[in-house]
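The residues making up each chain are set out below.
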Amino acid sequence: MTTAPGPRRVRADDRLSYGRVGAPRRRINGAGGAVGGFAVQLAHRAGAEVTATAGARSAQRMRSFDAAHVIDYAATPVVQAAKGPFDVVLNLAPTTPEHTDALAALTADGGVFVTATTAPATEPGREVRVVRMAARSATSLSWPTC
Ligand SMILES: NC(=O)c1ccc[n+]([C@@H]2O[C@H](COP(=O)([O-])OP(=O)(O)OC[C@H]3O[C@@H](n4cnc5c(N)ncnc54)[C@H](OP(=O)(O)O)[C@@H]3O)[C@@H](O)[C@H]2O)c1
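From a predicted model like this one, the values you see are computed outputs, not experimental measurements.

Draft legend 1. Just the overall build of the protein, in detail. Helices and strands together make up the secondary structure of the protein, namely 4 helices and 9 strands. The linear arrangement of helices and strands in the protein, starting from the amino end, is β-α-β-α-β-α-β-β-α-β-β-β-β. The 146 residues of the protein split such that 44% are buried. Contacts in the protein between residues far apart in sequence, at least 24 positions, make up 47% of those at least 6 positions apart.

Draft legend 2. Structural detail: the nonpolar core. Ile-28, Ala-39, Val-40, Ala-52, Met-62 and Val-89 are the most contacted members of the largest nonpolar core, which totals 36 residues. Looking at this core, the elements that each hand over two or more residues are helix H2 (34–45), strand E3 (49–54), strand E4 (69–72), strand E5 (86–91), helix H4 (97–104), strand E6 (107–115) and strand E7 (129–132). Top contributing element to this core by residue count: H2, with 6 residues. Once you skip the residues sitting within four places of it in the chain, Met-62 turns out to touch Ala-31, Val-40, Ala-52, Ala-54, Ala-67 and Val-70.

Draft legend 3. Structural view of unusual backbone geometry. Of note in this structure, Asp-66 is not a glycine but carries a positive phi near 70°. Summarising the element assignment, Asp-66 is placed in the loop between helix H3 (59–64) and E4. Taking the C-beta count within 10 Å as the criterion, Asp-66 has 15 such neighbours and is therefore assigned partly exposed. We note that Arg-126 has phi near 55°; this positive angle belongs to a residue other than glycine. Tracing the backbone shows Arg-126 in the loop between E6 and E7.

Draft legend 4. Expanded view of the site of the ligand. Taken together, 21 residues form the shell around the ligand, and within it Gly-30, Gly-32, Gly-33, Gly-55 and Ser-58 come nearest. Here the shell around the ligand gets 3 residues from one element, more than from any other, and that element is H2. Classifying every residue of the shell around the ligand by side-chain character gives 10 nonpolar, 9 polar and 2 charged.

Draft legend 5. Here's a closer look at H4. Among the residues of H4, His-99, Thr-100, Leu-103 and Ala-104 are the ones counted as buried. The arc that holds the buried residues of H4, viewed along the axis, is 145°, so those residues lie on one side. On its buried face, H4 is in contact with strand E2 (25–29), E5 and E6.

Draft legend 6. Representation of the pairing of E5 within the structure. E5 sits mainly inside the fold: 6 of its 6 residues count as buried. Examined bridge by bridge, E2 and E5 share 4 bridges and lie parallel to one another. Residue Arg-27 lies in a different strand from E5, and its bridge partner there is Val-89. Note that E5 and E6 share 5 bridges and pair parallel. In the sheet register, Val-89 faces E6, and the bridge partner there is Phe-113. Between the parallel pair E5 and E6, the chain is carried across by H4, and the sense of this crossover is right-handed.

Draft legend 7. Expanded view of the environment of Glu-49. Here Glu-49 is to be found in strand E3. Residue Glu-49 is classed as partly exposed on the basis of its 18 C-beta neighbours within 10 Å. Sequence-wise, Glu-49 and Arg-25 are 24 residues apart; in three dimensions their C-alpha atoms are separated by 5.1 Å. The contacts of Glu-49, once residues within four sequence positions are left out, are Pro-24, Arg-25 and Ala-68.

Rules and cut-offs
Residues numbered from 1 in each chain as written. Predicted model: local features only at pLDDT ≥ 70, side-chain atom pairs only at ≥ 80, totals over all residues. Helix = DSSP H or I, 4+ residues; strand = E, 2+ residues; numbered from the N terminus. Buried ≥ 20, exposed ≤ 12 C-beta atoms within 10 Å, placed from the backbone. Contact = placed C-beta atoms within 7 Å. Core = buried A, V, L, I, M, F, W, Y, C linked by C-beta atoms within 7 Å. Near = placed C-beta within 6 Å. Nonpolar A, V, L, I, M, F, W, Y, C, P; charged D, E, K, R; others polar. Arc of directions from axis to C-beta. Pairing = 2+ DSSP bridges. Right-handed = clockwise from strand over helix to strand, strands pointing away.

This is a description of form; function is not addressed.
The structure is reproduced here in structure tokens:
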């Protein structure tokens, strides 16, 4: 397991901090939640092509946030729904370590896997960087310095 650095706290209005990763293909798992809604919009504003995994009840909202692809996690297993690899994968959903490993495997070589919930059970390798993210409220997000 890579030793992930501590989260760097940034304010939500520091929108460009999300874009500093400079990677175009992003997968956001758990996009239907409060944090995910911000993440999809900020990633799109940063010029990313966003694939959002969310429940059916959230699909229309994801499209209104300009997600390029919306995957219903209840209808399609994560690995089958893969449209990756992705330069950045952001996990905001309650996942098992095994499910988290499957998500991390969708990260492109040299990409970044960010999780606000469960850490991967195994080291993804391939120079994929694992980052722990903390989200404290609707007005405060943490994002790694990249
Ligand atoms: N580390 C920290 O400091 C910290 C702080 C706050 C929150 N968090 C965590 O960060 C995550 C995001 O926070 P939040 O407030 O946005 O959570 P939230 O409002 O509970 O949203 C999580 C969303 O994940 C979706 N989801 C549930 N099961 C899923 C699955 N198996 N695959 C994909 N998506 C799934 C649901 O979407 P639908 O509604 O579309 O079904 C749900 O709305 C939460 O897990 C929370 O516990 C961490």
